[in-house]
Amino acid sequence: MTARTAIGAARTRPCTLVVCRGCCCGDARKYPGYDHDWQLDRLRAAADASGGRLAIRTADCLGPCDQANIIVVQPSGEGRRRGGRAVWIGWSMGDDCTDEILRWAESGGPGITAPPASLELQFVRSAGERDRARR
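Residues numbered from 1 in each chain as written. Predicted model: local features only at pLDDT ≥ 70, side-chain atom pairs only at ≥ 80, totals over all residues. Heavy atoms only, no water.

As named in an unreviewed UniProt entry, the chain is (2Fe-2S) ferredoxin domain-containing protein, taken from Streptomyces ortus.

So, in structure tokens, the structure goes:
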């Protein structure tokens, strides 16, 4: 078996939440009454308090718009070395969902810690996985 070497920033990359804020996700017209800005502020505050163990990014549109809001949980460098892969979470709104995503990411995320069973019910396929399944 060949040894794998992590190069540069990938070795120390934190667990990262990619928050879709494109055409549907984060849109008050699609989900009136939900405070999308509050959720993003809360995620960013958790990242700030994590001491570099958690990062937040936003994306314009990640796809499966019928399952908005989408948050992708990307594994840390260590999580990836342990076999963790990015997990797409649909319908990512509300306090409970936000709490579960943050707890999982703060405890290590993919490859490090198993996700909460209730959060697994919201796992969705990425746009690329959907395209491959159609072929």
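There's more to say after this.
Undergrad: Even after reading the chapter, I still don't get helix α1 (residues 36-49), so can you show me in this structure?
TA: An α-helix turns once per 3.6 residues; consequently, residues spaced three or four apart project the same way. For α1, built from 14 residues, the straight-helix expectation of 20 Å at 1.5 Å per residue is met to within 8% by its first-to-last C-alpha distance of 20 Å. Taken together, the buried positions of α1 are occupied by H36, Q39, L40, L43, A46 and A47. Seen from one end, α1 has its buried residues packed into an arc of 120°, which puts them on one side. Residues of α1 that are exposed and angled more than 90 degrees away from the buried face: D37, D48 and A49. For α1, the secondary structure elements touched by its buried residues are β1 (15-20), β2 (54-59), β3 (71-74) and α3 (95-106). With a side-chain oxygen positioned 3.3 Å from the backbone nitrogen of D37, the residue opening α1 is D35. Of the residues one or two after α1, G51 is the one with positive phi, at around 70°. (Helix = DSSP H or I, 4+ residues; strand = E, 2+ residues; numbered from the N terminus. Expected span 1.5 Å × (residues − 1). Buried < 20%, exposed > 50% of the residue type's maximum accessible area, 1.4 Å probe, protein only. Arc of directions from axis to C-beta. Contact = heavy atoms within 4.5 Å. Polar contact = N/O pair within 3.5 Å; in protein donor to acceptor, adjacent residues only side chain to side chain.)

Undergrad: So what exactly am I meant to see when it comes to the nonpolar core here?
TA: One recurring pattern in soluble globular proteins: nonpolar side chains tend to sit buried together. Of all hydrophobic cores here, the largest spans 19 residues; its most connected members are L17, L43, L54, I56, V73, I89 and I101. Looking at this core, the elements with two or more residues in it are β1, α1, β2, β3, β4 (87-89) and α3. Residue contributions to this core peak at five residues, all from α3. Within the second largest apolar cluster, 14 residues are counted, among which are Y34, L62, I70 and V72. (Core = buried A, V, L, I, M, F, W, Y, C linked by side-chain atoms within 4.5 Å.)

Undergrad: Mind showing me how you'd approach the pairing of β3 here?
TA: Direction of pairing for β1 relative to β3: antiparallel, over a ladder of four bridges. Counted as the bridge partner of V18 is V72 from β3. For β3 and β4, the ladder comprises three bridges, and the chain directions are antiparallel. When the sheet's bridge partners are listed, V73 is paired in β4 with V87. (Pairing = 2+ DSSP bridges.)

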